[in-house]
Amino acid sequence: MSPDFSALARGLRTGLNADPRHAAVVPPIYPSTTFSFPDGIGPKPPYDYSRCGNPTRDVLGDAIATLEGGAGAVITSSGMAAITVAMLALVTDGGTVVAPKDCYGGTWRLLNELASRRVLEVVYVEQRDFAALEAALDQAAVVLIETPTNPLLRLVDLEASIAAAHDRGVIAVVDNTFCSPVRQRPMDFGADVVIHSTTKFINGHSDVVGGAVVSATGETHEHMAHWANVIGTTASSFDSWFALRGLRTLDARVRVNDANTARIAEVLQSHPAVSVVYWPGLTSHPQHELATRQQRSYGSMVSFELIGGLPAVEAFVGGLELFILAESLGGVESLVAHPVTMTHTSMTPEAQLAAGISESLLRLSVGIEPIDDLVTDLTAALDRAVAVSGN
Ligand SMILES: *Cc1c(COP(=O)(O)O)cnc(C)c1O
């Protein structure tokens, strides 16, 4: 497609109307595990075996790479597989990875396991604390950044952190799962590698587990593709095709997600059941200005604390009908999670407390349902929480 069109349009339309055989508008699925050598003995054809390369998977990789402004993307069987590929490809000789103190739980577990086998060393820092981050970078090979963080929606300044990493020859990897490329493009701030759990916003329908490793340069991309093939974590053609179908509506979904969330954040903020709301779109958020600078919109993850502790939390969750009590995020359906007992159980109670994750905290992934119905549901449940806490 003409480079005059936006990366957003080109990315979302990747592979459409490109079928020379039947002029199919939508690209077909190639489930074949093996491909023939049409020219006989000689050089390898572009595809020979689907673990190494698959045409359906490559369309999804091209789409995500275009959206992120990268040279290429490796599509993996999960977000954790993507992080595994990136770490094994980038860290040699037990080098140090600087990761966020409050990073995704699966990432925390993976890095600790790899460290226990001396594949790498890991140092956890509060990445909002720029001096602490800089000090840790002095010894590092790779920095892994998450912004906004889960579940408290804290931001890390991408431009400043990536520049600090590059000043010291440190490779900057950003897990962009929470934003998706339509809200934030870390490569615009110099990121070398961007990771996605496509399970979340990119697929967007809570029916595919998958991941992606996007590289800024062709050389790094080849290296990632090599490692994904070595470990054997490349995604299936069917999963790739479904994720590609989900990706077509990414921009449209996120616009509704985020508009709905703005309303929800207002409702939460003005309800007597709620003591504090964490959402970067609120002017009361301490990093609202940074969010405006580095994100295109503020996201559909919002967290808040209820007055009245666990009884209020139970009354609230029990009163919801549309919001489903479940982990994960970024789908078309609205979800509610209780981090202390659900997403963050791998942390010790002390670590939860230190990270600011209390038993009164709830996290919403706001979907694309009609907003008035979401507000009705939420308000009824919040009223129940007030009745229990008696405030
Ligand atoms: C879900 C998630 C992952 C892991 O992805 P899976 O697809 O579940 O393996 C990694 N990072 C973040 C920020 C996530 O939300």
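Residues numbered from 1 in each chain as written. Predicted model: local features only at pLDDT ≥ 70, side-chain atom pairs only at ≥ 80, totals over all residues. Heavy atoms only, no water.

> Could you give an account of the overall build of the protein, naming the residues involved and the relevant values?
For the protein, the helix and strand inventory stands at 13 helices and 12 strands. For a compact globule of 391 residues, the expected C-alpha radius of gyration is about 21 Å, and the protein comes in at 22 Å, within 12% of that figure. Counting every position in the protein, which comprises 391 residues, the buried fraction comes to 53%. Within the protein, contacts between residues separated by at least 24 positions form 71% of all contacts whose residues are at least 6 apart in sequence. Of the accessible surface of the protein, which amounts to about 16,700 Å², a share of 55% is contributed by carbon and sulfur atoms. Measuring between centres, the 25 positive side-chain charges of the protein sit 4 Å from its 42 negative side-chain charges. (Helix = DSSP H or I, 4+ residues; strand = E, 2+ residues; numbered from the N terminus. Rg over C-alpha atoms; globule rule 2.2 N^0.38 Å. Buried < 20%, exposed > 50% of the residue type's maximum accessible area, 1.4 Å probe, protein only. Contact = heavy atoms within 4.5 Å. Areas by Shrake-Rupley, 256 points an atom, 1.4 Å probe, with all protein chains shown as cover. Lys, Arg positive; Asp, Glu negative; His and termini not counted. Charge placed at Lys NZ, Arg CZ, Asp CG, Glu CD.)

> Report on the site of the ligand, specifying residues and quantitative values.
What surrounds the ligand is the set Ser-78, Gly-79, Met-80, Tyr-104, Asp-175, Thr-177, Ser-197, Thr-199, Lys-200, Val-209 and Gly-210. Contact between the ligand and Gly-79: an oxygen atom at 2.9 Å from a main-chain N or O atom of the residue. With respect to the ligand, the backbone of Met-80 contributes an N or O atom lying 2.9 Å from an oxygen atom. Compared with its free state, where it exposes 380 Å², the ligand has 91% of that area covered by protein. In terms of residue class, the shell around the ligand is made up of 3 nonpolar, 6 polar and 2 charged. (Near = heavy atom within 4 Å. Polar contact = N/O pair within 3.5 Å; in protein donor to acceptor, adjacent residues only side chain to side chain. Nonpolar A, V, L, I, M, F, W, Y, C, P; charged D, E, K, R; others polar.)

> Any details on the packing of aromatic side chains? Residues and values, ideally.
Going through the model one piece at a time under the given rule, you end up with 4 aromatic pairs. Seen from their ring centres, Trp-241 and Phe-242 are 5.4 Å apart, and the 85° between their planes marks the pair as edge-to-face. We classify Phe-242 as partly exposed; its relative accessible area is 34%. Relative to Phe-316, the ring of Phe-304 has its centre 5.6 Å away and its plane inclined at 85°; by these criteria the two rings are edge-to-face. Note that Phe-304 is positioned in strand β9 (residues 301-306) and Phe-316 in helix α11 (residues 309-319), a separation of 12 residues in sequence. (Phe/Tyr/Trp six-rings, centres within 6.5 Å; stacked < 30°, edge-to-face > 60°.)

> Run through the sheet that holds strand β10 (residues 324-325), naming residues and quoting values.
Spatially, the 5 strands line up as an open sheet ordered β8-β9-β12-β11-β10, and their pairing is mixed. Pairing within the sheet leaves two strands with one partner each, and these edge strands are β8 (274-278) and β10. In terms of strand pairing, strand β11 (residues 335-337) meets strand β12 (residues 361-365) through 3 bridges, oriented antiparallel. Along β12, the bridge assignment pairs Ala-337 with Arg-363. Against the sheet, α11 contacts β9, β10, β11 and β12, and its axis sits at roughly 130° relative to β9. (Pairing = 2+ DSSP bridges. Axes fitted to C-alpha atoms, helices over the stretch in contact; angles between N-to-C directions.)

> Could you give me a rundown of the pattern of salt bridges, with the residues and numbers involved?
Tallied over the full model, the rule gives 11 salt bridges. A salt bridge links Glu-134 to Arg-168; its shortest N-O distance comes to 3.4 Å. One end of the pair, Glu-134, is in helix α5 (residues 130-137); the other, Arg-168, is in the loop between α6 (158-167) and β5 (171-175), and 34 residues separate them in sequence. The closest approach of N and O atoms between Asp-251 and Arg-296, which form a salt bridge, is 2.8 Å. In this pair, Asp-251 is assigned in helix α9 (residues 250-269) and Arg-296 in the loop between α10 (288-294) and β9, connecting sequence segments 45 residues apart. Among the ionic contacts, a cluster of salt bridges with common partners joins Glu-134, Asp-138 and Arg-168. (Salt bridge = Lys/Arg side-chain N within 4 Å of Asp/Glu carboxyl O.)

> Residue-level account of the nonpolar core, with values.
Membership of the largest hydrophobic core comes to 43 residues, with the highest contact counts inside it found for Ile-64, Val-143, Leu-247 and Leu-250. It is helix α2 (residues 55-68) that provides the largest number of residues to this core, a total of 6 residues. Taken together, domain 1 (7-247) and domain 2 (250-389) each give at least three residues to this core, which thus spans both. Leu-282, Phe-316, Val-336 and Leu-378 belong to the second largest nonpolar core, which has 30 residues in total. (Core = buried A, V, L, I, M, F, W, Y, C linked by side-chain atoms within 4.5 Å. Domains from an automatic or database assignment.)

> Describe in detail the domain arrangement of the protein, supporting the description with residues and values.
Domains assigned within the protein are domain 1 (7-247) and domain 2 (250-389). A separation of 27 Å is found between the C-alpha centroids of domain 1 and domain 2. If you look at the interface, domain 1 gives 35 residues, while domain 2 gives 36 residues. Surface buried jointly by domain 1 and domain 2 totals about 2,900 Å² across both partners, of which 58% is contributed by carbon and sulfur atoms. Measuring nitrogen to oxygen at the nearest pair gives 2.7 Å for the salt bridge that ties Arg-183 to Asp-258. Seen at the junction of domain 1 and domain 2, the total is 16 residue pairs in polar contact (both at pLDDT 80 or more). Elements supplying a minimum of two residues to the side of domain 1 that touches domain 2: α1 (7-12), α6 and α8 (237-248). Among the residues making up the side of domain 1 that touches domain 2, the classes are represented as 19 nonpolar, 10 polar and 6 charged. (Buried area = accessible area lost by both parts, 1.4 Å probe.)

> Which residues make up the environment of Lys-44, and what values do they have?
Following the sequence through the fold, Lys-44 ends up in the loop between α1 and α2. Along the sequence, Lys-44 and His-271 sit 227 residues apart, while their C-alpha atoms lie 64 Å from each other.

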